[in-house]
Amino acid sequence: GAGVSQTPSNKVTEKGKYVELRCDPISGHTALYWYRQSLGQGPEFLIYFQGTGAADDSGLPNDRFFAVRPEGSVSTLKIQRTERGDSAVYLCASSLTHASGSTDTQYFGPGTRLTVL
Amino acid sequence: AQSVSQHNHHVILSEAASLELGCNYSYGGTVNLFWYVQYPGQHLQLLLKYFSGDPLVKGIKGFEAEFIKSKFSFNLRKPSVQWSDTAEYFCAVKFKGSARQLTFGSGTQLTVLP
């Protein structure tokens, strides 16, 4: 079946602009995660959705970052007033949540490389 | 704060050499452990995972890892590497009580010389 997809694959923007990054999870996966990966680092957690609601947004760096998942499937990460320090690869992952509440393995998309000039 | 350490940033091996990549975490409670691999130009892929049971887990492509609770470690091993194993390897941990997110190490770049 299809994996996690993310669009666009690359986004170049100017400082101060607004950007939206999209994630389409694996069909049937109720949990969705956003991570950010800076050069030379491992991915860092941003936000986690269970269904339509943000279950944990403790990783969002500041209020310029916001994410939605209105129908419990596709998610959009929104960044306002972009700064050069926001340049990174933004990764999306999805996983099943079992009836017991435990979650399974996270499957990652290819990422969106954001460059803020 | 809970953290994951990968001490080897770059490892260079010749084909057929044995591989061991270190991963340590700072937490004494229940953990789920993962190794992901990122081949050049590709996305993160799961190599293997440990949730419970036998601490020696086998993954794809001949990789294995051993969970040693007393050492807070989950080292990745392969007895004989191939040129196609050239990639970046990430250790990741899900700490109990930290919701669902993974905490990643900074990664180890493995280069296998033909």
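What counts and how
Residues numbered from 1 in each chain as written. Chains lettered and ligands numbered in written order. Predicted model: local features only at pLDDT ≥ 70, side-chain atom pairs only at ≥ 80, totals over all residues. Heavy atoms only, no water. Contact = heavy atoms within 4.5 Å. Buried area = accessible area lost by both parts, 1.4 Å probe. Salt bridge = Lys/Arg side-chain N within 4 Å of Asp/Glu carboxyl O. Helix = DSSP H or I, 4+ residues; strand = E, 2+ residues; numbered from the N terminus.

## Quick word on the interface of chain B and chain A
And then number 1: Contact residues are listed per partner, giving 17 residues for chain B and 20 residues for chain A.
And then number 2: A buried area of about 1500 Å², summed over both sides, lies between chain B and chain A, and 56% of it is on carbon and sulfur atoms.
And then number 3: Counting the contacts that link chain B with chain A gives 0 salt bridges.
And then number 4: Of all the secondary-structure elements, those providing two or more residues to the side of chain B that touches chain A are strand S5 (31-38), strand S6 (45-50) and strand S10 (87-95) of chain B.
And then number 5: Looking at the side of chain B that touches chain A element by element, the count peaks at 3 residues for S5(B).

## A short note on unusual backbone geometry
And then number 1: For the bond running from A:Thr7 to A:Pro8, omega is -10°, close enough to zero to count as cis.
And then number 2: Relative to the assigned elements, A:Pro8 resides in the loop between strand S1 (5-7) and strand S2 (10-13).
And then number 3: You will see that B:Lys61, though not glycine, has its phi angle at about 60°, which is positive.
And then number 4: Considering the arrangement of structural elements, one finds B:Lys61 in the loop between strand S7 (56-58) and strand S8 (64-68).

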